[in-house]
Structures are given as structure tokens and as C-alpha cells.
Amino acid sequence: MSVQSSLCPKAIYPTIVILLIITTPVSGLTTFTPAPPNSTSICFIKGDADVYGPGIRISYYLQWFSVLLATHIAPTQIQYSRYASNIVTISVLASTFFSFRHKSGSGSHEENLIALEYPILYSLVFVLTLGFIPTSERLLRKSRGNIATMGVFWAVIVFIQCWLWFKGVDMGKKEGCILRVYFLFWEVNIYNSKWRTFFQMESVVTTAIGAIFMLLKFLKHCVKFGRIMKAIFRNDQSIPRENSSIVDDKAGEEIARWILTGFLLLLGVIAIMQVERTIKINSIDLKVSLTDSGQFIPLVAGIWTVLATLGSWLMAWMKGRYLEKDQSHDLELHLTV
């Protein structure tokens with residue numbers, strides 16, 4: 001049994017999925033609510049802890065940190081961190097889309113402040129998970145299913161932008177109240193016409209780039225499938241195989257790792273700052289504890305990814321030391337003889 005497989009038993013993944021589904025409700029939403037008795041504000045915002053509660057946020061932050069570590073000390077461990085990230089993301093996206101429109105007990109409708117929730121979701125689900133992109137063909141071949149699943153999540157986040165900034169931005173709007181998001185290094189009023197135009201243009205460009213990328217990947221797979229089928233019908237034994245034409249470039253892979261690390265470090269710091277500042281400047285109320293099941297389980301998943309990465313590296317290091325001592329002992333015996 002490999003080091004990674006011993007640290008990451010397959011049974012843990014469906015277990016976490018079941019626990020998340022059972023313990024995480026999907027009825028919460030981000031919305032304006034009546035202020036508490038001791039508050040004079042009319043723009044009191046109740047946050048959706050099922051999407052960006054403290055346990056979920058810390059989980060994504062730890063997964064991002066584990067990728068930075070694993071990229072250099074245990075590259076194959078990233079695929080298992082990707083499992084944990086996908087599991088948490090399934091729960092987060094389910095909570096987000098099921099709470100788009102929520103009916104209160106009085107019969108009126110409360111609308112989710114999706115324009116405030118989306119930038120937080122974008123940073124957590126998209127930006128902080130960019131590090132899961134493999135740095136070599138060898139790592140890519142081992143994680144196709146995981147990467148495809150993550151690609152679906154990314155597509156959802158990217159393609160929803162146009163609807164959001166052209167229509168959804170006014171959902172849940174309250175007269176006399178503004179919503180602000182932290183964009184790079186500025187506090188932005190999303191109801192400002194100039195900023196709204198900027199975000200609309202950005203959403204169109206991003207969606208177009210994403211659509212072109214997906215189309216090119218689809219065409220590439222169609223061409224590859226056509227070549228394989230053609231070779232099969234011709235009874236040609238030289239069917240193109242992926243492994244036959246791939247030679248891993250160790251030097252190039254190392255350079256790619258360092259470039260990716262610098263890129264991820266910069267993006268991660270900006271994303272975390274945007275999430276935390278957006279919650280703070282809007283005074284979003286998240287009445288939830290880390291010990292609540294919906295927060296504790298994602299938190300454990302995040303801690304586990306870091307510990308598994310460190311454990312994988314430690315076991316590999318100990319194995320290397322053992323082999324060195326064994327080889328040194330064999331050499332001494334050979335010299336003695």
C-alpha cells in the first residue's frame with residue numbers, strides 16, 4: 001500500500017459527503033433582516049453560514065495552504081486534498097442555489113443578496129482552488145475525475161456572472177441601504193452605476209473566455225476520439241496512447257511548481273483579504289460556532305488535508321532515510337568481504 005493511499009482511505013470521502021448532507025441545512029440565506037433591539041441600523045445583514053461560515057472559510061484557507069505545501073513536498077497528495085475540496089464545494093454550492101429564493105413563514109418572499117454572496121463564493125470556490133491544477137502530465141493522468149468535477153464547479157461560478165451583474169444584482173435590495181464588496185484593494189459600492197458597468201463588461205469577457213476554452217477542449221477530445229476510432233476500424237495496432245508520447249520534464253516541472261507557488265500565494269492572499277474584508281465592511285452577522293456540525297466537519301476536512309500532506313512528506317522522508325541506511329550497511333558489508 002502506498003503512503004498516500006494509507007493516509008487517505010477511500011471510505012472517508014463518501015462518509016464526509018453523507019455527514020455534510022445530513023448535518024448541513026440549505027435553508028439559510030444572506031438577507032437584510034430587522035436589526036436587534038440594541039442596534040439603530042436599518043441595514044442589518046444576516047449572513048448565510050452554510051456558504052461562508054467560519055468553519056467553511058477556514059477549511060478553504062487550509063486547503064489552499066496545503067496545496068502550497070504539497071506542490072513541493074508531496075505533489076501526489078494534492079489529488080486527495082482535491083477530494084476534500086470538492087466535497088465541501090458540493091455542500092456550499094447546494095446551499096447557495098437552494099437559497100436563491102426563500103419563503104418566510106408569513107407568506108412573503110425574502111430574496112437572497114446574491115450580489116454580496118457571489119464575490120465571497122468566487123474567492124473561496126474558484127480563486128483559492130486554482131492551485132489544484134496539476135503541474136505535469138503525470139499528475140494530470142492520476143486525477144482526471146477530480147479535475148473534471150472541479151472544472152464543473154468553476155464553470156458554474158464563471159458562467160453565472162452575466163446573470164448576476166445584469167439581473168441578479170438587485171435581488172434583495174433595500175431602499176436606503178448599500179452593499180459593498182472588497183475588490184482587490186478598494187471598497188466598491190455594487191449599486192454604483194460605473195462599477196456595475198465595469199462588472200457587467202468583466203462578466204461578458206470572462207464568460208466568453210471560459211466558453212472558448214471549453215469549446216477548444218471539447219474539440220480536442222473529439223479529434224482524439226476520432227483518431228482512436230479510426231485506428232480501431234482499421235485494426236491498427238498503433239492506436240495513439242497518452243503515455244507513449246509523454247515524457248515528463250523534471251526541470252520544467254520544477255520551474256512550473258515555483259511559478260505556480262508564487263502565483264497562488266499572491267492570489268490566495270488577495271482572495272482571503274477580499275472575503276474577510278467584505279464580511280467586515282458590511283457587518284454581516286454570522287451567528288454560528290465552529291462547533292456546529294455544518295462548520296466543524298468542513299473545518300476537520302481542511303485540517304486533515306494539511307496533516308495528510310505533512311504526514312505523507314514525513315513518511316516519505318523516513319522511508320528515504322531507511323533506504324539510505326540500508327544501502328550504507330550493504331556497502332560496508334561488501335567492503336568487509
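Everything numeric in this text was worked out from a predicted model, so none of it was measured.

So, how was this worked out
Residues numbered from 1 in each chain as written. Predicted model: local features only at pLDDT ≥ 70, side-chain atom pairs only at ≥ 80, totals over all residues. Heavy atoms only, no water. Disulfide = S-S within 2.5 Å. Helix = DSSP H or I, 4+ residues; strand = E, 2+ residues; numbered from the N terminus. Buried < 20%, exposed > 50% of the residue type's maximum accessible area, 1.4 Å probe, protein only. Phe/Tyr/Trp six-rings, centres within 6.5 Å; stacked < 30°, edge-to-face > 60°. Lys NZ or Arg CZ within 6 Å of the ring centre and 35° of its normal. Axes fitted to C-alpha atoms, helices over the stretch in contact; angles between N-to-C directions. Left-handed = near helix turned anticlockwise from the far one by under 90°. Contact = heavy atoms within 4.5 Å. Nonpolar A, V, L, I, M, F, W, Y, C, P; charged D, E, K, R; others polar. Salt bridge = Lys/Arg side-chain N within 4 Å of Asp/Glu carboxyl O. Pairing = 2+ DSSP bridges. Expected span 1.5 Å × (residues − 1). Patch = residues over 30% accessible without salt bridge, like charges linked within 9 Å, V, L, I, M, F, W, Y side chains within 5 Å. Areas by Shrake-Rupley, 256 points an atom, 1.4 Å probe, with all protein chains shown as cover. pLDDT = per-residue confidence, 0-100. Polar contact = N/O pair within 3.5 Å; in protein donor to acceptor, adjacent residues only side chain to side chain.

1. Concerning the state of the cysteines
Counted under the stated rule, the structure contains one disulfide. Covalently, Cys-43 is tied to Cys-177 through a disulfide, its sulfur atoms 2.0 Å apart. The sign of the -90 degrees torsion about the S-S bond sets the Cys-43-Cys-177 disulfide as left-handed. One end of the pair, Cys-43, is in the loop between β1 (31–32) and β2 (45–46); the other, Cys-177, is in the loop between α9 (161–166) and β5 (180–183), with 134 residues separating them in the sequence. Owing to a relative accessible area of 23%, Cys-43 belongs among the partly exposed residues under this scheme. The exposure class of Cys-177 is buried, given its relative accessible area of 5%.

2. A word on the packing of aromatic side chains
Remark: the centre distance and the inter-plane angle together describe each pair of aromatic rings, the angle taken between the planes. All told, the structure shown has eleven aromatic pairs when counted by the stated rule. Ring centres of Phe-183 and Phe-199 lie 5.5 Å apart, and the angle between their planes is 85 degrees; this geometry places the pair in the edge-to-face category. Highlighted residues: Phe-183 in strand β5 and Phe-199 in helix α10 (residues 193–233), separated in sequence by 16 residues. Residue classification places Phe-199 among the buried positions, given a relative accessible area of 6%. The structure contains a cluster of three or more aromatic residues connected by ring pairs, namely Trp-165, Phe-183, Trp-195, Phe-198 and Phe-199. A cation over a ring is seen here: Lys-173 above Tyr-191, with NZ or CZ 4.7 Å from the ring centre.

3. Quick notes on the environment of Arg-144
Looking at the element boundaries, Arg-144 is found in helix α8 (residues 144–159). The exposure class of Arg-144 is partly exposed, given its relative accessible area of 41%. Sequence-wise, Arg-144 and Gln-79 are 65 residues apart; in three dimensions their C-alpha atoms are separated by 9.5 Å.

4. Points about unusual backbone geometry
You will see that Leu-184, though not glycine, has its phi angle at about 55 degrees, which is positive. Checked against the element boundaries, Leu-184 lands in the loop between β5 and β6 (186–189).

5. A few points about the packing of helix α5 (residues 78–98) against α8
Packing of α5 against α8 leaves a shortest axis separation of 10 Å and a crossing angle of 35 degrees. Of the two possible hands of crossing, α5 and α8 adopt the one that is left-handed. Along its contact with α5, which presents Gln-79, Arg-82, Tyr-83, Ser-85, Asn-86, Thr-89, Ile-90, Leu-93 and Phe-97, the element α8 presents Asn-146, Ile-147, Thr-149, Met-150, Phe-153, Val-156 and Ile-157. Each residue belonging to the contact of α5 with α8 can be placed in one class, and the counts come to nine nonpolar, six polar and one charged.

6. With respect to the pattern of salt bridges
If the charged atoms of two oppositely charged side chains come close together, the side chains can form a pair. Counted by the stated rule, this structure contains four salt bridges. Of the charged contacts in the structure, one is a salt bridge between Glu-187 and Arg-180, with a shortest N-O distance of 3.5 Å. By relative accessible area, Glu-187 is classed as partly exposed at 39%.

7. Considerations on the pairing of β5
Pairing analysis gives four bridges linking β5 to β6, with the strands arranged antiparallel. Bridged to Tyr-182 within β6 is Glu-187.

8. What to know about α8
Across its 16 residues, α8 extends 22 Å between first and last C-alpha, which sits within 8% of the 22 Å expected from 1.5 Å per residue. Within α8, burial applies to Asn-146, Met-150, Phe-153, Trp-154, Ala-155, Ile-157 and Val-158.

9. Some words on a nonpolar patch on the surface
A cluster of nonpolar side chains, Ile-212, Leu-215, Leu-216 and Leu-219, forms an exposed patch at the surface whose accessible area comes to about 390 Å². Summarising the element assignment, Leu-215 is placed in helix α10. For Leu-215, a relative accessible area of 48% puts it in the partly exposed group.

10. Considering the confidence of the model for the chain
On average, residues of the chain carry a pLDDT of 75, and 69% of them reach 70 or more. Contacts for the low-pLDDT stretch residues 103–108, under 50 throughout, to residues beyond four places or in other chains number four contacts. Scored below 50 in pLDDT, residues 242–248 shows nine contacts in the model against residues more than four places distant or in partner chains.

11. Quick look at the side chain of Thr-30
Looking at the element boundaries, Thr-30 is found in the loop between α2 (12–23) and β1. Looking at Thr-30, the relative accessible area reads 0%, which means it is buried. In terms of polar contacts, Thr-30 uses its side chain to reach the side chain of Tyr-52, at 2.7 Å. A distance of 2.6 Å separates a polar atom in the side chain of Thr-30 from a polar atom in the side chain of Glu-117. Dropping the residues within four chain positions of it, Thr-30 is found in contact with Ile-45, Lys-46, Gly-47, Asp-48, Tyr-52, Glu-111, Asn-112, Leu-113, Leu-116 and Glu-117.

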